Amino acid sequence: MPKPGFVVDDDDDDDEPKADLGENVSGIPVGAQVLFAKDQGIAVPWDESLRILSVRHVLAIVDIISEDHLQ
């Protein structure tokens, strides 16, 4: 499971503007696990399980199925 990069504070008591990350136009849901070729992407130095890659290199979006749901 992807690790969160930041903590979301839903406290609306302050009037400070919040950073807008923009609209997701890739078609890949935020936090999705994806399948990609071994040689694609750039390794993130602080977490071996994360890589940055272009949307065109995504081969599939992976759904994790628990053993209880396997037949």
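This text follows the structure it describes.
Residues numbered from 1 in each chain as written. Predicted model: local features only at pLDDT ≥ 70, side-chain atom pairs only at ≥ 80, totals over all residues. Heavy atoms only, no water.

A. Representation of the overall build of the chain within the structure. Across its full length, the chain holds 0 helices and 4 strands. Ordered by position from N to C terminus, the α and β elements of the chain give β-β-β-β. The burial tally for the chain puts 4% of its 71 residues in the buried class. For the chain, long-range pairs separated by at least 24 residues make up 44% of all intrachain contacts whose partners lie at least 6 apart in sequence. (Helix = DSSP H or I, 4+ residues; strand = E, 2+ residues; numbered from the N terminus. Buried < 20%, exposed > 50% of the residue type's maximum accessible area, 1.4 Å probe, protein only. Contact = heavy atoms within 4.5 Å.)

B. Expanded view of the environment of Phe-36. When you line up the elements, Phe-36 lands in strand 1 (residues 33-36). Looking at Phe-36, the relative accessible area reads 26%, which means it is partly exposed. Between the alpha carbons of Phe-36 and Leu-59 there is a distance of 5.2 Å; along the sequence they are 23 residues apart. Those residues in contact with Phe-36 that sit more than four places away from it in its chain are Arg-51, Leu-53, His-57 and Leu-59.

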